[in-house]
Amino acid sequence: MQSACKVPTIHDRALQALAHSVLEPEWEARFAPNSYGFRPGRSCHDAIEAIFTIIGHKAKYVLDADIEKCFDRIDHAAVLKKINTSPRLRRQVKGWLKAGVYDAGQWFPTDEGTMQGGTISPLIANIALHGLETVISQRFPRSGSRGFQAPKIVVYADDFVILHEDRQIVMQCQEMAAEWLQEMGLRLKPSKTRLTHTLVATEGTPGFDFLGFHIRQYPAGKTHSGKDCRGRLHGFKTLIKPSQTAIRRHVAKLRKTIDHHKHATQETLIQALNPQIVGWSNYYAHVPSARVFHTLDHTVYAMLKGWAVSRHPNKKKHWITSKYWRVDDGKGWTFQPPSGGARLARHAHTSIQRHVKVQGARSPYDGDWVYWSKRVGHHPDVPPRVARLLKQQQGRCRACGLYFTDGDKMEVDHILPKKDGGRDARDNWQLLHRHCHDMKTARETGCQGTYDTRHVAEEPDERKHSCPVL
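Scope of this entry: the structure provided in the associated data block. Here the structure is a predicted model, which means the values were calculated and not measured.

1. Considerations on the pairing of strand E8 (residues 213–219)
No. 1: By the bridge criterion, three bridges tie strand E7 (residues 208–210) to E8 in an arrangement that is antiparallel. By the bridge assignment, Phe208 is partnered in E8 with Ile215.
No. 2: Between E7 and the antiparallel strand that follows it, E8, lie two residues; Leu211 among them carries a positive phi value of about 55°.
No. 3: For E8 and strand E9 (residues 236–242), the ladder comprises seven bridges, and the chain directions are antiparallel.

2. Overview of the packing of helix H11 (residues 290–311) against helix H12 (residues 317–324)
No. 1: Direction vectors running N to C along H11 and H12 enclose 115°, while the axes themselves pass 10 Å from each other. The angle between H11 and H12 places the two elements in the roughly perpendicular class. H12 is crossed by H11, and the crossing has right-handed handedness. For the pair H11 and H12, the contacting residues are Lys305, Trp307, Ala308, Val309 and Arg311 in the first and Lys317, Ile320 and Tyr324 in the second.
No. 2: When the residues that make up the contact of H11 with H12 are grouped by side-chain class, the tally is five nonpolar, no polar and three charged.

3. Observations concerning the environment of Ala32
No. 1: Along the chain, Ala32 falls in the loop between helix H1 (10–28) and helix H2 (44–55).
No. 2: Residue classification places Ala32 among the buried residues on the basis of a relative accessible area of 16%.
No. 3: With sequence-adjacent residues up to four places away left out, Ala32 is seen in contact with Arg39, His130 and Glu133.

4. Quick word on the pairing of strand E13 (residues 429–433)
No. 1: Of all five residues in E13, five are buried, a share of seventy percent or more.
No. 2: Here strand E12 (residues 410–414) pairs with E13 via five bridges, running antiparallel. Looking across to E13, one finds that Met410 is bridged to His433.

5. So, the environment of Arg139
No. 1: Among the secondary structure elements, Arg139 is positioned in helix H7 (residues 132–139).
No. 2: Linking Arg139 and Met176, residues 37 residues apart in sequence, is a C-alpha distance of 9.2 Å.

6. Quick look at the sheet that holds E7
No. 1: The strand order across the open sheet formed by three strands is E7-E8-E9, and the pairing between neighbours is antiparallel. Lying at the two open borders of the sheet, with one neighbouring strand each, are E7 and E9. If you compare each strand with its neighbour and ignore which way they point, the axes differ by 25° on average.

7. Considerations on the side chain of Glu411
No. 1: Relative to the helices and strands, Glu411 is located in strand E12.
No. 2: Relative accessible area serves as the criterion here: at 1%, Glu411 is assigned to the buried category.
No. 3: Among the polar contacts listed, one links the side chain of Glu411 to the side chain of Arg434, at a separation of 3.0 Å.

8. Section: the pattern of salt bridges
Opposite charge on two side chains permits them to pair, given that their charged atoms come into close proximity.
No. 1: Going through the model one piece at a time under the given rule, you end up with 11 salt bridges.
No. 2: For Asp297, the salt bridge identified is with Arg346, shortest N-O distance 4.0 Å. You can see Asp297 sitting in helix H11 and its partner Arg346 sitting in the loop between strand E11 (334–335) and helix H13 (369–376), a full 49 residues away along the chain.
No. 3: Looking at Asp297, the relative accessible area reads 12%, which means it is buried.
No. 4: Where Arg434 meets Glu411, a salt bridge forms, and the shortest distance between an N and an O atom there is 3.0 Å. Placement of the pair is Arg434 in helix H15 (residues 434–445) and Glu411 in strand E12, with a sequence separation of 23 residues.

9. Quick look at empty space enclosed by the protein
No. 1: Summed over all chains, the structure comprises three cavities of 30 Å³ or more.
No. 2: Approximately 120 Å³ is the volume found for the largest cavity.
No. 3: At the level of elements, helix H6 (121–129) and H7 are the ones that each hand at least two residues to the lining of the largest cavity.
No. 4: Residues belonging to the lining of the largest cavity are distributed by class as follows: five nonpolar, five polar and one charged.

10. Describing the nonpolar core
No. 1: Judged by nonpolar contacts, the single largest core of 43 residues is most densely connected at Leu23, Val79, Val93, Phe160 and Leu186.
No. 2: When residues in this core are grouped by element, the largest group, seven residues, is from helix H8 (residues 167–182).
No. 3: Those residues within four positions of Val79 in sequence are excluded, and the remaining contacts are Ile74, Leu97, Ile124, Ala128 and Met184.
No. 4: Residues Ala47, Ile54, Trp280 and Val358 belong to the second largest nonpolar core, which totals 32 residues.

11. Re unusual backbone geometry
In terms of backbone geometry, most residues other than glycine have negative phi values and most peptide bonds are trans.
No. 1: A positive phi angle, near 50°, is found at Asn84, a position not held by glycine.
No. 2: On the accessibility criterion, Asn84 (63% relative accessible area) is exposed.
No. 3: A positive phi angle, near 55°, is found at Leu211, a position not held by glycine.
No. 4: For Leu211, the position within the fold is in the loop between E7 and E8.

12. A closer look at H13
No. 1: Most of H13 sits inside the fold, with six of its eight residues counted as buried.
No. 2: Within H13 the residues assigned to the buried category are Trp369, Val370, Tyr371, Trp372, Ser373 and Arg375.
No. 3: Looking at the buried residues of H13, the elements they touch are H2, helix H14 (384–392) and E12.
No. 4: Taken from the residues just after H13, Gly377 is the one with a positive phi, measuring 85°.

13. Things to note about the sheet that holds strand E1 (residues 61–66)
No. 1: The four strands are arranged E4-E5-E1-E6 in an open sheet whose pairing can be described as antiparallel. Looking at strand neighbours, the two that pair on one side only are strand E4 (152–156) and strand E6 (194–197), the edges of this open sheet. Within this sheet the neighbouring strands show an average axis-to-axis angle of 20°, counted without direction.
No. 2: One ladder, built from four bridges, connects E1 with E6; its direction is antiparallel. Bridging from a neighbouring strand, Val62 pairs with Thr196 of E6.
No. 3: In this fold H2 packs onto E4 and strand E5 (159–164), with an angle of close to 165° to the strand it touches most, E4.

Rules and cut-offs
- Along each chain, the written sequence defines residue order, and numbers are assigned to residues from 1.
- Note on the predicted model: pLDDT of at least 70 is required for a residue's local features to be given, and 80 or more for side-chain atom pairs to be given and counted; whole-chain, interface and lining totals, by contrast, use all residues.
- Side-chain calculation: all heavy atoms of the structure are included, whereas hydrogens and water are not.
- DSSP calls a pair of strands paired once it identifies at least 2 bridges connecting them.
- Secondary structure elements are defined from DSSP: runs of H or I of at least 4 residues count as helices, runs of E of at least 2 residues count as strands, and each element is numbered from the N terminus.
- Between N-to-C directions, angles span 0 to 180 degrees; the directions come from axes that are lines fitted to C-alpha atoms, helices contributing only their stretch in contact.
- Convention used here: angles under 35 degrees read as roughly parallel, angles over 145 as roughly antiparallel, angles from 65 to 115 as roughly perpendicular, and any remaining angle as oblique.
- It is the rotation of the near helix from the far one that decides the hand of a crossing: anticlockwise by less than a right angle makes it left-handed, clockwise makes it right-handed.
- Every residue pair with non-hydrogen atoms within 4.5 Å of one another is taken to be in contact.
- Under the grouping applied here, Gly and all other residues not named as nonpolar or charged are polar, the nonpolar ones being Ala, Val, Leu, Ile, Met, Phe, Trp, Tyr, Cys and Pro and the charged ones Asp, Glu, Lys and Arg.
- Only protein chains enter the area calculation, which uses a 1.4 Å probe; residues under 20% of their type maximum are buried, those over 50% are exposed, and those in between are partly exposed.
- Between N or O atoms, a polar contact is any pair within 3.5 Å; within protein, one atom must be a potential hydrogen donor and the other a potential acceptor, and residues adjacent in sequence are included only when both atoms are from side chains.
- Every case where a carboxyl oxygen of Asp or Glu lies within 4 Å of a side-chain nitrogen of Lys or Arg is listed as a salt bridge.
- The method works on a 1 Å grid over the protein atoms by themselves. A cavity is a set of points holding a 1.4 Å probe that cannot get out, a pocket is an open set with protein on both sides within 12 Å along at least five of seven lines, and residues with an atom within 4 Å of a point line them.
- Grid points are joined across faces, edges and corners, and a volume is the space filled by probe spheres set on the points.
- In plain words, nonpolar cores are sets of buried Ala, Val, Leu, Ile, Met, Phe, Trp, Tyr and Cys residues tied together by side-chain atoms within 4.5 Å.

Here it is, written out as structure tokens:
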């Protein structure tokens, strides 16, 4: 009954939030750099980029492993010993772990595992799995004589991969991981544990699936092969694409939505499909997914065509097309009512942009507010407006083009001054170094009487919009 969910009370939530706020900053400073699951400032895309960096210059063997019922089998005594916190907080965490679950009005004790869906459950799981990367790296350090790097491990929640160019080392890492997990009451799931190679078909097909992505290397000639820092050819190219399982799951969900709206209006169907299409496309927009996006758009068109024909079996195709698609707008076939309104989103309209991996062991608690504001667009120590502008400007000053660094004095400037009709709105703000702002103001003050928006400045006496040194 570990999968059952205890109904949280306000007191439970308060205790979990308290324990989480106390434990998270401490453990964020300890967690390994390649641990990404359920951590602030880290995401699935960071884990994928970490794998791309590890195998980008050399093909490797991969152990793709999954921990069986990770949240349900964590040993309470082992994790409490590992937390090693104050007696009062330890009692609170222990009491929460032992609180039990309610299912169908009956109470069941929880002698092991953490409550899925709780505020602190992901943090407890990360603490339980912390140390695996350190143990493996100490057992297999870098070998300079053989030219081998230490095995690399990338962890996301209860899924992890171990990568190395030597098959025997990877197999030994699997044995070590299985033995290490037993101390926390965990074990590997045999059906989801697979040893493969990124380039060569040694055991089954090359490549592996991780977090909904298919990661594989393909032999390539000199025009498509990857290169190292010295320009030497690798002889292969690394490609990360949406996995076939994820594609089939997405198509099945779209088909189910369309079938569920057989008798609904076109506007209702569009409102139901758009969040699914946009959300799925945004998740896979950081890898080469353009061809997959175009294929999915053709599949969606075929399903919508069947939906439209089933509604009007006695009408001609031209009549059906003119009723549900707009063709003459110069934007291709757009699924939209003739009267206008909402239009169906397309996968291919999502632009592909490479994701920038979080740097090393950085944490939102390390005090580098410039880095985190630029990365995620918010930080507790930074005004929201400044954080948004840092992310929008990608951490650069609009005047000099240089990156902001910790300790720089920066100010929010009105692109078009309010005295010249500029609005105090987001589209009229920019973030500048204080000295760049002063130079811009002095330069533009001498151009009074000019209404050219390319030569305007913030009012020199308005310091209320400045951002102090944080």
